[in-house]
Amino acid sequence: MKRNILLNILMALLILVMIGGIVYLSDPERFASQDAGQNEGTAAVNYIQYFVCSGEISHTYECSGRVISDMPEVYIDEITVEDVNDDNFICTLSKGESVDSGSVLYSYKGKDVLSENDVKVLDISYSINDNIRSVAMKLLDYDKLYIVAQIDADLAGVITYDTPVTVNINGNDYETGIKEIGYEISNGKIDIEVILPVNALPGSDVDLLFVTDTVSAGMYIPADALLIEDDRYFLNIQKDDKLKEIEKTEIRIGQYFTLDDGEYVEILSGVNEGDIALIEYYVAGGESGE
């Protein structure tokens, strides 16, 4: 009798194990999610604090540009000296050599001829016509080069001849100014010409940055503090020292900009200087706190 009872118990246990196995195999993710939920329950909530700061903010506009090219009549100078010989004409320059403004181009009949601008020697050629020897020099005049670009039409009147401009050429920044602003709109753009602040070859690509406005006491915060939902921007604002009250606050933002320690975003409204924004992060098995 007892033996039959034990057998029945063992059979019942075996059936329960088999049923449990079938249930697990039919929906293993359910058990995994329960385990994960239990693990998450042991993770502590911590916060990173970001302060809303105030200071000078420059509003800028960026676009690409290019040093003019395919216009040799603008920046190529040709000089011809006639009736030259080995005694009255001396030129020590070579093709491809650069000459600074005020330096000697050549000497003719004992007189030095100086370069009026920074130039590059493109060619030096000699010829004889009717027993008269002459020399022709072709020069690239750097001072006649400038940058061409296009700006958005809605910036007409915002970008003026007094607008500060920074040009980046080959990784280096140079301060410069505006040479000419167009007056016709084409495909939503206006042509603009910018003074070339350093010697560069025709066709060189450059990057331009225009400072359109400066706010002396604008608010800003690290961009990492932003919460973005459906093109709306929020900050989790700390309302008490013990982090028991946190208010999700909608803000209006302005321009993104970069400082030495990272990317920031301008705040136009929604919070005040000195407010503290919080970003949550979790530490497994840790203690809650800042």
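The coordinates are above.
Residues numbered from 1 in each chain as written. Predicted model: local features only at pLDDT ≥ 70, side-chain atom pairs only at ≥ 80, totals over all residues. Heavy atoms only, no water.

**Student:** Explain the nonpolar core to me, and be specific about the residues and the numbers.
**Tutor:** Among the nonpolar cores identified, the biggest contains 27 residues, and Ile-151, Leu-208 and Phe-210 are the most heavily contacted of them. Take this core: its biggest share by element is four residues, from strand E10 (residues 146–152). Ignoring any residue separated from it by four or fewer positions in sequence, one finds Phe-210 in contact with His-59, Thr-60, Tyr-61, Cys-63, Ile-151, Ile-159, Thr-163, Pro-164, Val-165, Ile-178, Ile-192 and Val-194. Among the nonpolar cores identified, the runner-up in size contains 15 residues, and Ile-221, Leu-226, Ile-251 and Ile-253 belong to it. (Core = buried A, V, L, I, M, F, W, Y, C linked by side-chain atoms within 4.5 Å. Buried < 20%, exposed > 50% of the residue type's maximum accessible area, 1.4 Å probe, protein only. Helix = DSSP H or I, 4+ residues; strand = E, 2+ residues; numbered from the N terminus. Contact = heavy atoms within 4.5 Å.)

**Student:** Could you give an account of the pattern of salt bridges, naming the residues involved and the relevant values?
**Tutor:** Tallied over the entire structure, the rule returns eight salt bridges. Across the pair Lys-248 and Glu-229 runs a salt bridge whose closest N-O atoms are separated by 2.4 Å. Note that Lys-248 is positioned in strand E18 (residues 246–259) and Glu-229 in strand E16 (residues 227–229), a separation of 19 residues in sequence. (Salt bridge = Lys/Arg side-chain N within 4 Å of Asp/Glu carboxyl O.)

**Student:** Outline the sheet that holds strand E3 (residues 76–82), listing residues and values.
**Tutor:** Across the sheet, which stays open at both edges, the four strands sit in the order E3-E9-E8-E5 with antiparallel pairing between neighbours. In the strand order of this sheet, the two ends are held by E3 and strand E5 (98–99), each with one partner. Across two bridges, the pairing between E5 and strand E8 (residues 119–129) is antiparallel. Bridging from a neighbouring strand, Ser-98 pairs with Lys-120 of E8. (Pairing = 2+ DSSP bridges.)

**Student:** Kindly report on the packing of aromatic side chains, identifying the contributing residues and their values.
**Tutor:** Applying the stated rule across the entire model yields six aromatic pairs. For the pair Tyr-61 and Phe-210, a centre-to-centre distance of 6.3 Å together with 40° between the ring planes defines the contact as tilted. With Tyr-61 in strand E2 (residues 53–67) and Phe-210 in strand E15 (residues 205–222), this residue pair connects regions lying 149 residues apart in the sequence. For the residue pair Tyr-61 and Phe-210, the accessibility class agrees, reading buried in each case. Above the plane of the ring of Tyr-146 lies Lys-179, whose end atom (NZ or CZ) is 4.5 Å from the centre. Positioned above the aromatic ring of Phe-234 is the side chain of Lys-248, whose terminal nitrogen or guanidinium carbon lies 4.9 Å from the ring centre. (Phe/Tyr/Trp six-rings, centres within 6.5 Å; stacked < 30°, edge-to-face > 60°. Lys NZ or Arg CZ within 6 Å of the ring centre and 35° of its normal.)

**Student:** Quick rundown of the sheet that holds strand E6 (residues 104–108)? Include the residues and the values.
**Tutor:** Across the sheet, which stays open at both edges, the three strands sit in the order E4-E6-E7 with antiparallel pairing between neighbours. Strands with a single pairing partner mark the edges of an open sheet, and in this sheet they are strand E4 (89–90) and strand E7 (111–114). In the sheet, E4 pairs with E6 via two bridges, with the strands oriented antiparallel. Across the sheet, residue Phe-89 finds its bridge partner in E6, namely Tyr-108.

**Student:** Give a description of the pairing of strand E11 (residues 165–169) that names residues and reports values.
**Tutor:** For E11, the tally of buried residues reaches four of five residues, placing the bulk of the element in the interior. Across five bridges, E11 lies against strand E12 (residues 172–176) in antiparallel orientation. Bridge pairing in E12 links Asn-168 to Asp-173. With antiparallel pairing between neighbouring strands as the criterion, E11 and E12 make up a hairpin whose turn holds two residues, including Asn-170 at a positive phi of roughly 55°. Sheet analysis places E11 next to E15, joined by four bridges and oriented antiparallel. Along E15, the bridge assignment pairs Val-165 with Phe-210.

**Student:** I'd like to hear about the side chain of Thr-249, residue by residue, with values.
**Tutor:** For Thr-249, the position within the fold is in strand E18. On the basis of relative accessibility, which here comes to 11%, the residue Thr-249 falls in the buried class. At 3.3 Å, the side chain of Thr-249 and the backbone oxygen of Glu-247 are in polar contact. (Polar contact = N/O pair within 3.5 Å; in protein donor to acceptor, adjacent residues only side chain to side chain.)

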